[in-house]
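Tertiary structure, described
The residues making up each chain are set out below.
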2 protein chains.
Amino acid sequence: MAPINGSTVSPLPSPVSKNGPSLTSPTRKRKPSTIATNVTMMEHSVGREQRAGVLGQHEGFRGCTIWFTGLSGAGKTTVSFALEKALTQMGIPCYGLDGDNVRHGLCKNLGFSKEDRAENIRRVAEVAKLFADAGMVSLASFISPFRADRDSAREIHKALGLPFFEVYVNAPLEVCEERDPRDLYKKARKGQIQGMTGIDSAYEPPLSPDLVLHHKETALEAVNTVLEFLVRQGIVPEEALSSLAPAPIRELTVTPEEKPALAAELASLEHEVQLDLVELQWLQVLAEGWASPLYGFMRERQYLQSLHFGQMLDLKRKCLFPGEEDPNAEDGEDTFPMDGPLNQSVPIVLTIDADEKARLTKDGRVVSAIALSYEGKRIAMLRKGEIFEHRRKERSARQFGSIDERHPGVAQILNAGEFCLGGDIEVLERITYNDGIDKFRFTPIELRKILAEKNADAVFVFQLRNPIHNGHALLMRETRAKLLEKYRNPILLLHPLGGWTKDDDVPLEVRIRQHEAVIEEGLLGADWTVLSIFPSPMLYGGPTEVQWHARARLAAGVHAYIVGRDPAGIADPASESGDALYEVTHGAKVLSMAPGLSHLEIVPFRVAAYDKKAHQMAMFDPTRKADFEFISGTKMRGLARSGQTPPDGFMAPKAWNILAAYYKSIAKQ
Amino acid sequence: MAPINGSTVSPLPSPVSKNGPSLTSPTRKRKPSTIATNVTMMEHSVGREQRAGVLGQHEGFRGCTIWFTGLSGAGKTTVSFALEKALTQMGIPCYGLDGDNVRHGLCKNLGFSKEDRAENIRRVAEVAKLFADAGMVSLASFISPFRADRDSAREIHKALGLPFFEVYVNAPLEVCEERDPRDLYKKARKGQIQGMTGIDSAYEPPLSPDLVLHHKETALEAVNTVLEFLVRQGIVPEEALSSLAPAPIRELTVTPEEKPALAAELASLEHEVQLDLVELQWLQVLAEGWASPLYGFMRERQYLQSLHFGQMLDLKRKCLFPGEEDPNAEDGEDTFPMDGPLNQSVPIVLTIDADEKARLTKDGRVVSAIALSYEGKRIAMLRKGEIFEHRRKERSARQFGSIDERHPGVAQILNAGEFCLGGDIEVLERITYNDGIDKFRFTPIELRKILAEKNADAVFVFQLRNPIHNGHALLMRETRAKLLEKYRNPILLLHPLGGWTKDDDVPLEVRIRQHEAVIEEGLLGADWTVLSIFPSPMLYGGPTEVQWHARARLAAGVHAYIVGRDPAGIADPASESGDALYEVTHGAKVLSMAPGLSHLEIVPFRVAAYDKKAHQMAMFDPTRKADFEFISGTKMRGLARSGQTPPDGFMAPKAWNILAAYYKSIAKQ
């Protein structure tokens, strides 16, 4: 046990006066009592704000009481319990009091006379007040038929400065009597119960309730109504709502309504930056929300966070010195909700050269609006631009662990401009390629819809940039089988990378047809597979890039990510024997520890090889090594080019034929 | 406002049956009532564990009631309030109920008759139970003189499976009567009050209280007694205690009692690794706890965390693939308390070459114990060793953003062994250098004591590896003046880096004498300055290293860190014009955003220059640029070597003479 002694708790300001005897301080503040004799009010030495600091997942004191009133059977407790669940899920501490529970304890010595009812409500109000004072949202659901009693409850809270919201759950007597879940109305009608509210005892509806719920609302709708109300009242922070749903996705494409104005503004602009294909692909990544909630190309602040910590820690615009004031504070903070740091191992920047920098700067400030264009067409707007140094060697070293120009990702950086242009982006319209496979290009929000329509209760993603052999298919089937132990309907997002790849990779269009053939031949179930294209360009950044591959898919609502051996790896260009640039286990290791990837299950990729005895691809079994043959990419290419067929069971024949045709066609060229 | 609609809250399992009317579900579980009629018990749909999930800073449900009983004036409420403060500080949600507060609300309709007293206690017990059920620690402080009432309170909790602890605050009547903070005893003696417990009403002391507090304990001691008890009861997690004190420091040096056994074991060992001076300095860093709670030289897990995320995310030993089992699980987890991720931008590793790896490995496993020696003396033990690849170029690239061998830090890595040996370290004894300045070498724990003895209520650190000119001193005085606005006694930790530096830096021993002279001449107040040596070697790692410089000082209890322009910077060896390798503002920017450095205030270093008009060093004023002269290190060295004196007011004369003598001595060589 850690030592507990005087010094352990020394930061406590001792409530003991140094000279006085010991336990009782004569100097504590007291308010004079106005009611009982010999009793003085003691102020708690811990204040509300301090208590709030250790309560819940949101800053600030949010203690209050929500008082549900209405007839028996109106649904008060149902809504209250559902609200308790929603608030808890949102990280807002709350506690539900209801007539039935309290009647067994605090108020068990009370009956149902008017006086007892009043005392019942009074006691409950006092307890609700204590919970509110403790910083919790107290939910009280009581018939509380008499106005005077409810008004007293409000007064009790008002006296301590605690918000009190009277919510009238308005259901007509007929409806409640028809529901009559506990046969109370029936008994009352038969005279077996006396003093039943609505039958032989009055219900006085609130004259000016803070909120009214109607009996036609479902519990869900009613909870939403209350939550909306609580947001308006400042009790529930807006960003907390997001914890009830998957994180909202920020798309940077404008709405059809906004498009004409943006198009006109773009056409009128003096300043323009031309994008190349890879930059266009990054623009698409940003536009569709794969890097949500990033607002555009990174400013220096996000760039340094990504490069040094592999994370997006916040969306503040300016990278200020400690103590420095933001000279552009009028731009305001970015207010998109961001629930803690997010993994962002890869900087997403737009680079420019010194000439462009000079063109885009006036009087030492970046011009206010810049058009981004691709192949002569203005496709996006960049506002509130910031230009900062693109220290290419340093970036390359930190991002790739290498500055070898023979590495294609490194080469792109070293050959890029020496400045970065960060800023807020608006994209005019969906980015498409007219290459016959646009129909496989879905945004994260579209994928969420598709997956919801398939009734997915778990989504696992397979990132790939290579043809699928039967070993891959086996792995995906096995992953699904494993998920079926916990989930009802796990769906595979088969998500080939669709952006730039190096020349010797198989082209996207061929891969898509190959993947379709694999599904057609039944190696992946068409009912549990969604084939879609991931728009990001490839980096060959190993452990750094695999994090990006996983993180981007979170936007599509993915729960599990299958990680392979040497993910996003590449041969070390400095190695004559073709050694991998990255230690082949680092990708999975780093991914499994990466901060800012919470809620994503990492599924290890087990190695599959051709089982020569079974004549099929199988999970490699090291106890009978000799039975297995590893068919490398090089070998596969060789077979395809020379018109040979691979061993039976290596790849679905239709899928193989697509690949073989491709390799033959390039062999001819 | 974020849209709120049905789908927003869709993860909520709807409590509404699809066919039934709407708000009231007829299927909710009910327990039959045993007491009142027409009342059924409703189970909360949110369970205790779920509620606990959004309460406080520690996992798990810890709801309970602590019931303080004792005479009026015994100190119940004083202890209860102090405990409430301590628990809040520890992140444990709690709420204090006391007789005085409750008497004004919940129980205002009760008097002091035996019956009313019983009902008072019953109601309070019911409320305390609700708070405990909500997951909070309820603190109830009531005279509660009658055993039967207290026993009922316990029963009420027991019935719901909630812990109830009766704490007897035992103060004799004489003591309470002497204290008599509210003159109640006096009034009772005069007959002005009836039914005063201890006077004309009985107090029945608990027969078997869960805990007894004695009146001779101070409130602080009493709180500690209760906290110890709550740790034993599993209510307060042990690690929470640490939040009452500065984070505990893990030293790796064995105690004097353990030393002989370790020395004997070291002498008997077959396997040994020789350390060089820089490795010795890192061992000292580890031994003294500057990288606390790191247990020794990093294993691959910590190494990858440091390299990729600049943090120590956990202290788990093995870097496992997702889903993989640890084959050495018998080694157990490292259990030193770690309160969230800590900044650790610099890997601390021990490198070995392939021959050493072969020597230290038997049957594919690292030998269980390895002696570490320096200059032929065995000084430390490494256990549970793990050997992993030291990918030197990649590390250098990621750590320094450079792989230029002309950079001294890069060169050290590129010339090091190709493997790392991680493992748990025990150091035989304090590492000293017998260089005449060991007396300035304090461990973090020693510094905490020294700072506490100086009654520091804030500590600001100045990291340096250069002589102090009057501009530096001005900055430190200004920083102190600023802190004096908030603190009573801010102390400066003047903390020159004492490990390896490159050849053209001024040697440590000369710097220390120079610093002493600056203090002697009164440019820094001797009463508010602690001069000590930071044992770390220098890396020249810019924004990466400045984080280490700040993070290490947290161990010494530092609150504020002064960060300069281009901290830990160096000229780019590839630049002919001597450009800085790192963008000069990145250090301060990255440091100000760095995760895992909470509670450390970053103070920006303003530039000081020689004010030719005022004949003294002053904060540079850009509005009268021409008045200022920047005196570079090169210029200073030139003056010193040639026997010239710098401008008046540039440096304290005594301090200048020490420096001049040094430069003259090396010019001779």
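All values reported here derive from a predicted model rather than from experimental measurement.

**Re the overall build of chain A**
In terms of helices and strands, chain A carries 21 helices and 25 strands. Evaluated residue by residue, chain A yields a buried proportion of 49% over its 669 residues. Residue pairs in contact within chain A that sit at least 24 positions apart in sequence constitute 74% of those at least 6 positions apart.

**Some points on helix H13 (residues 392-400) of chain B**
Burial runs high along H13 of chain B: seven of the nine residues are buried. Residues of H13 of chain B that are buried include every one of Glu394, Arg395, Ser396, Ala397, Arg398, Gln399 and Phe400 of chain B, and no others. Taken together, the buried residues of H13 of chain B touch helix H13 (392-400) of chain A together with helix H11 (300-309), helix H14 (408-414) and helix H18 (542-554) of chain B. The positive-phi residue at the C-terminal boundary of H13 of chain B is Gly401 of chain B, with phi of around 65°.

**A closer look at the sheet that holds strand S24 (residues 616-619) of chain B**
Residues and elements named next belong to chain B. Pairing is antiparallel in the open sheet, where three strands are placed in the order S24-S23-S25. Of all the strands in the sheet, the pair left with one neighbour each is S24 and strand S25 (628-629). Examined bridge by bridge, strand S23 (residues 608-611) and S24 share four bridges and lie antiparallel to one another. In the sheet register, Ala609 faces S24, and the bridge partner there is Ala618.

**Side note on the packing of helix H20 (residues 633-641) of chain B against helix H21 (residues 653-668) of chain B**
Residue and element names in this part refer to chain B. In contact at an axis separation of 8 Å, H20 and H21 are set at 80° when each is read in the N-to-C sense. Relative to H21, H20 is oriented roughly perpendicular. Between H20 and H21, the residues in contact are Arg637, Ala640 and Arg641 and Leu659, Ala660, Tyr663, Lys664 and Ala667, respectively. Of the residues in the contact of H20 with H21, the class split is five nonpolar, no polar and three charged.

**Here's the deal with the packing of helix H11 (residues 300-309) of chain A against helix H19 (residues 586-593) of chain B**
It is the contact of H11 of chain A with H19 of chain B, at a shortest axis distance of 10 Å, that shows an interaxial angle of 75°. By the angle class used here, H11 of chain A and H19 of chain B are roughly perpendicular. For the pair formed by H11 of chain A and H19 of chain B, the contact residues are Leu304, Gln305 and His308 of chain A on the first element and His586, Lys589, Val590 and Met593 of chain B on the second. When grouped by side-chain class, the residues that make up the contact of H11 of chain A with H19 of chain B number three nonpolar, three polar and one charged.

**Brief notes about the sheet that holds strand S25 (residues 628-629) of chain A**
Residue and element names in this part refer to chain A. Read from one edge to the other, the open sheet built from three strands follows the order S24-S23-S25, with strand pairing classed as antiparallel. Two strands lie at the open edges of the sheet, namely strand S24 (616-619) and S25, each paired on one side alone. Alignment of strand S23 (residues 608-611) against S25, held across two bridges, turns out to be antiparallel. Counterpart to Asp611 in the pairing with S25 is Phe628.

**A few points about the environment of His214 of chain A**
Residue and element names in this part refer to chain A. Among the secondary structure elements, His214 is positioned in strand S7 (residues 211-214). Looking at His214, the number of C-beta atoms within 10 Å reads 14, which means it is partly exposed. Considered as a pair, His214 and Pro172 are 42 residues apart in the sequence and their alpha carbons are 9.4 Å apart.

**Description of the environment of Gln192 of chain A**
When you line up the elements, Gln192 of chain A lands in the loop between helix H7 (184-189) and S7. Put simply, Gln192 of chain A and Pro248 of chain A are 56 residues apart on the chain and 54 Å apart in space, counted from C-alpha to C-alpha.

**Focus on the pairing of strand S22 (residues 601-604) of chain B**
In regular strands, side chains alternate between the two faces of the sheet. Residue and element names in this part refer to chain B. With four bridges connecting them, strand S21 (residues 560-563) and S22 associate as parallel partners. Paired with Val563 across the two strands is Pro604, which belongs to S22. One crossover worth recording links S21 to the parallel S22 by way of H19, and it is right-handed.

**Examining the nonpolar core**
Judged by nonpolar contacts, the single largest core of 228 residues is most densely connected at Leu286, Ile348 and Leu493 of chain A together with Leu286, Ile348 and Leu493 of chain B. In contact with Leu493 of chain A, not counting residues within four places along its chain, are Leu447, Val459, Val461, Val530, Ser532, Ala556 and Val558 of chain A. Cys64 and Phe81 of chain A together with Met90 and Ala140 of chain B belong to the second-largest nonpolar core, a separate cluster that totals 120 residues.

**So, unusual backbone geometry**
Residue and element names in this part refer to chain A. At the junction of Ser292 and Pro293, the peptide bond is cis and its omega measures out at 5° in the coordinates. Among the structural elements, Pro293 can be located in the loop between helix H10 (277-288) and strand S9 (296-297). With phi around 50°, Asp363 is a residue other than glycine that occupies positive phi space. Relative to the elements of secondary structure, Asp363 occurs in the loop between strand S13 (361-362) and strand S14 (365-366). You will see that Asp566, though not glycine, has its phi angle at about 50°, which is positive.

**A short note on the confidence of the model for chain A**
Caution is warranted with low-pLDDT regions, since their predicted coordinates should not be read in detail. Residue and element names in this part refer to chain A. Looking at chain A, pLDDT values average 87 and 89% of them are 70 or higher. In the predicted structure, residues 1-44 sits below a pLDDT of 50 and forms 98 contacts with residues beyond four places in sequence or in another chain. For this predicted complex, the interface confidence score (ipTM) comes to 0.72, while the overall pTM stands at 0.73.

**Section: the environment of Leu280 of chain A**
Residue and element names in this part refer to chain A. Tracing the backbone through its elements, the reader meets Leu280 in helix H10. Leu280 sits 99 residues away from Ile379 along the chain, and the two C-alpha atoms are 9.5 Å apart. Those residues in contact with Leu280 that lie beyond four places of it in its chain are Leu275, Tyr374 and Ile431.

**Points about the domain arrangement of chain A**
All names here are of chain A. By the assigned domains, chain A splits into domain 1 (48-244), domain 2 (259-321 + 329-427) and domain 3 (438-668). Listed per partner, the contact involves 27 residues of domain 2 and 27 residues of domain 3. The element that contributes the greatest number of residues to the side of domain 2 that touches domain 3 is H10, accounting for seven residues. The class makeup of the residues in the side of domain 2 that touches domain 3 is 11 nonpolar, 13 polar and three charged.

**Description of the pairing of strand S15 (residues 369-374) of chain A**
All names here are of chain A. As paired strands, strand S8 (residues 272-274) and S15 are joined by three bridges and run parallel to one another. Bridged to Glu272 within S15 is Ala371. Judged from the six bridges that link them, S15 and strand S16 (residues 377-389) form a sheet pairing that is antiparallel. Opposite Ser373, over in S16, you have Arg378 as the bridge partner. Taking the residues between adjacent antiparallel strands as the criterion, S15 and S16 are bridged by two residues, where Glu375 takes a positive phi near 50°.

**Considering helix H4 (residues 114-133) of chain B**
With 20 residues, H4 of chain B should cover 28 Å at 1.5 Å per step; its first-to-last C-alpha distance of 28 Å lies within 8% of that length. Downstream of H4 of chain B by one or two residues, Gly135 of chain B has phi in the positive range, about 100°.

Scoring rules and cut-offs
Residues numbered from 1 in each chain as written. Chains lettered and ligands numbered in written order. Predicted model: local features only at pLDDT ≥ 70, side-chain atom pairs only at ≥ 80, totals over all residues. Helix = DSSP H or I, 4+ residues; strand = E, 2+ residues; numbered from the N terminus. Buried ≥ 20, exposed ≤ 12 C-beta atoms within 10 Å, placed from the backbone. Contact = placed C-beta atoms within 7 Å. Pairing = 2+ DSSP bridges. Axes fitted to C-alpha atoms, helices over the stretch in contact; angles between N-to-C directions. Parallel < 35°, antiparallel > 145°, perpendicular 65-115°, else oblique. Nonpolar A, V, L, I, M, F, W, Y, C, P; charged D, E, K, R; others polar. Right-handed = clockwise from strand over helix to strand, strands pointing away. Core = buried A, V, L, I, M, F, W, Y, C linked by C-beta atoms within 7 Å. pLDDT = per-residue confidence, 0-100. Domains from an automatic or database assignment. Expected span 1.5 Å × (residues − 1).

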